[in-house]
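Tertiary structure, described
Below are the chains, spelled out letter by letter.
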Protein chains: 2
Amino acid sequence: MPHDGEWAATTKGEATAARIRAVALDQFSQLGFERVTMGGIAKAAGVSQPALHYHFEDKAHLWRSAMLGLRAVIQEEERLIEAAADAPPLTQLRVAMRLFLQISWKHPALGRIVALEGMAGGERLEWLDRHLLGARNRRLAAIAAEAVAAGDLLPYPPEQMVVTLQTAAVGVINLAPLMRTTFDCDVAAAREIHDDMILEAVLGGFLTEKGRRAQEEAQ
Amino acid sequence: MPHDGEWAATTKGEATAARIRAVALDQFSQLGFERVTMGGIAKAAGVSQPALHYHFEDKAHLWRSAMLGLRAVIQEEERLIEAAADAPPLTQLRVAMRLFLQISWKHPALGRIVALEGMAGGERLEWLDRHLLGARNRRLAAIAAEAVAAGDLLPYPPEQMVVTLQTAAVGVINLAPLMRTTFDCDVAAAREIHDDMILEAVLGGFLTEKGRRAQEEAQ
DNA sequence: AGCTTTTCTGATTTTGTAGTCAGAAATTGG
DNA sequence: CCAATTTCTGACTACAAAATCAGAAAAGCT
C-alpha cells in the first residue's frame, strides 16, 4: 500500500517513510524546493533513491507529506489560542506570540519554508495557505483588529501587524547562517533574551498607552 | 573583450549585458538562484542563451554581476549614514532605517535575495557579506551598541536588534505574494502607513524612556 | 568599400536529476 | 517454516538545463 503517505500502523514501511519525511522537511526548509534532490534526501535517510518514489508519488507529494507533519503542531497552536478566546484581545495576541516563538524554536523549518514560499508565490504557497496557515493567520488578524478596536493596539492594518510581528520574531532564527557569517554569533544561545526582546520591544512597540497600562495591570 | 562583466563604455555589448543583468536580478530575487534558468533570462532579455555565456562566464558570475548593480545603492546608503556620524546614535539609527525602507521599496530584489541566501548559507551568502552587506551591517550594529550605551535603546544584543529591525521592515514587502494569497491585500498600496509603522511602532518599541523623550525633543 | 573586431546564434555536448521498472530482499501472516 | 505481501534496490530512461564551439552577422575603423 504505497504512495499514500498517510499515517498507517507501525509497519516497517511507515518507519522509513517517517524518516524520509523528517529528512525532507529539514532539507526543504534549508535549501528550498528546487535545490533539494531526491538523491540527497535518499542518501541522508539511508535508503536508495527509488525508495522515495515507492513511498511518495513524486517530489511534490513528498513535500506536502513532509509539511503535513507540521499540521498537528499548528492545530495544537490554534486550539490553545482558541482556549484563550474569552480573554481580552491583547492577551490573546501575547499568548499567540508566545506560542509562535515556541514553535519557531522547536520547528525552525516552518518559518523558513513560509519565508521561501511566501516570497516566491505559486501553488506551494497556495497549498500552505489552504492546509496549514491561512486560517490561523486570518484568525490572528481578526484578534489584532479587535485589539485595535479596543484601543490597546496602534491603529495600523491588522494584517500588516500580524505578518510584521511574525517576520520579526523569526528573523534571526531564519537568518542564523547570516548571523554567523556577518557577526559570528549563535542565535540559539540567547533564546530567552530573543523571546523577551520580541515580546517586550516588538510587540510592546505596537501597544497604545492604554494597552501598556492594561498589560502592566495583568501582571 | 567578453566575460568581464564590468562597466565599459557605451558599446553595443555593454547595452545588452546591462539588459541581461537587469533581467537576471529580477528573476534571481523572485525565484532564487536554482529556479532561474539561463534560457529563461535569455528569452526575457531578447537574446539567445549562449549570448549570456558570451558576456558572463557562467551562471554564478552572472549572479554576482547582477548583485554588483546594487553595490552603488548600498555605498550611497553607507555614505549617507556616515554623513550623520556626528548626530546622536539614535538619530543615526532612524536615518539608517529610513534609508533601508527607501531602498527596500525601490529595490525589493535586495531584501529577497538576502533572505534567500541568508537562510541557506553557502558561498553566495559569504560573497554578499564580503562585497555588499557585511560592512554596512556591522556598522549598524556598532551604532546600535552606542545607542544602548547612551541609554536610548533597550539593552538587547545589537546584532539581534539590527537584524530584527531589518527583517521586520522588509517582512511584508518580501512576503507580498503571501499577503495577497492569505489576506488578498496589496502591500505596496499602503507604503506610507507601513513605513510609519516600522519607524514608530517597531523601532519605537526598542527605545527606552530616555530614548523616547530624546526623540520627541528632536522634532 | 574592405578589413578587423566585437557580438551573437544554431547546433551540439555534457551533466545532473526526476521518474520507471523488473526483480531481489525483507517482512508478515498463516 | 512456507507462501504472500510489502518493501526496497540496481539499472535504466527521459528530460531539462548548463556549458561549449564553430562560424554567421553586425559594428567599427581606415
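Below you will find a few notes about this structure. The model shown is predicted, which means the values in this text are computed figures rather than measured ones.

**Overview of the interface of chain A and chain B**
- Chain A puts 52 residues into the contact, and the matching count from chain B is 52 residues.
- Of the roughly 4700 Å² buried between chain A and chain B, counting both surfaces, carbon and sulfur atoms make up 72%.
- Among the residues chain A hides against chain B, the three largest losses belong to A:R35, A:M119 and A:Q160. Together they make up 16% of the total.
- Viewed at the interface, chain B and chain A are joined by three salt bridges.
- Here A:R35 ties to B:E117 by a salt bridge, and the two come within 4.0 Å at their closest N and O atoms.
- If you look at where chain A meets chain B, you find ten residue pairs in polar contact (both at pLDDT 80 or more).
- Residue assignment for the side of chain A that touches chain B shows that the elements contributing at least two residues are α7 (108-120), α8 (123-149), α9 (158-174), α10 (176-183) and α11 (191-205) of chain A.
- Its residues assigned to classes, the side of chain A that touches chain B shows 27 nonpolar, 14 polar and eleven charged.

**A closer look at the nonpolar core**
- Counting 144 residues, the largest nonpolar core has A:F206 and B:F206 as its most contacted members.
- If we ignore the near neighbours within four places in the chain, the residues touching A:F206 are A:D152, A:L153, A:L154, A:Y156, A:M161, A:T164, A:L165, B:M197, B:A201 and B:V202.

**Describing the relation of the copies chain A and chain B**
- For the pair chain A and chain B, the best superposition has an RMSD of 0.2 Å and corresponds to a rotation of 180° with a translation of 0.1 Å parallel to the axis. Taken together, the rotation and translation relating the two chain copies correspond to the operation of a two-fold axis. Scanning chain A for the C-alpha nearest the rotation axis identifies A:G205, at a separation of 1.7 Å.
- When you check the interface residues of chain A against chain B, 100% turn up at the interface there too, and the contact is symmetric in its surfaces.

Quick notes on the rules
Residues numbered from 1 in each chain as written. Chains lettered and ligands numbered in written order. Predicted model: local features only at pLDDT ≥ 70, side-chain atom pairs only at ≥ 80, totals over all residues. Heavy atoms only, no water. Contact = heavy atoms within 4.5 Å. Buried area = accessible area lost by both parts, 1.4 Å probe. Salt bridge = Lys/Arg side-chain N within 4 Å of Asp/Glu carboxyl O. Polar contact = N/O pair within 3.5 Å; in protein donor to acceptor, adjacent residues only side chain to side chain. Helix = DSSP H or I, 4+ residues; strand = E, 2+ residues; numbered from the N terminus. Nonpolar A, V, L, I, M, F, W, Y, C, P; charged D, E, K, R; others polar. Core = buried A, V, L, I, M, F, W, Y, C linked by side-chain atoms within 4.5 Å. Buried < 20%, exposed > 50% of the residue type's maximum accessible area, 1.4 Å probe, protein only. Least-squares fit on C-alpha atoms with pLDDT ≥ 70 in both.

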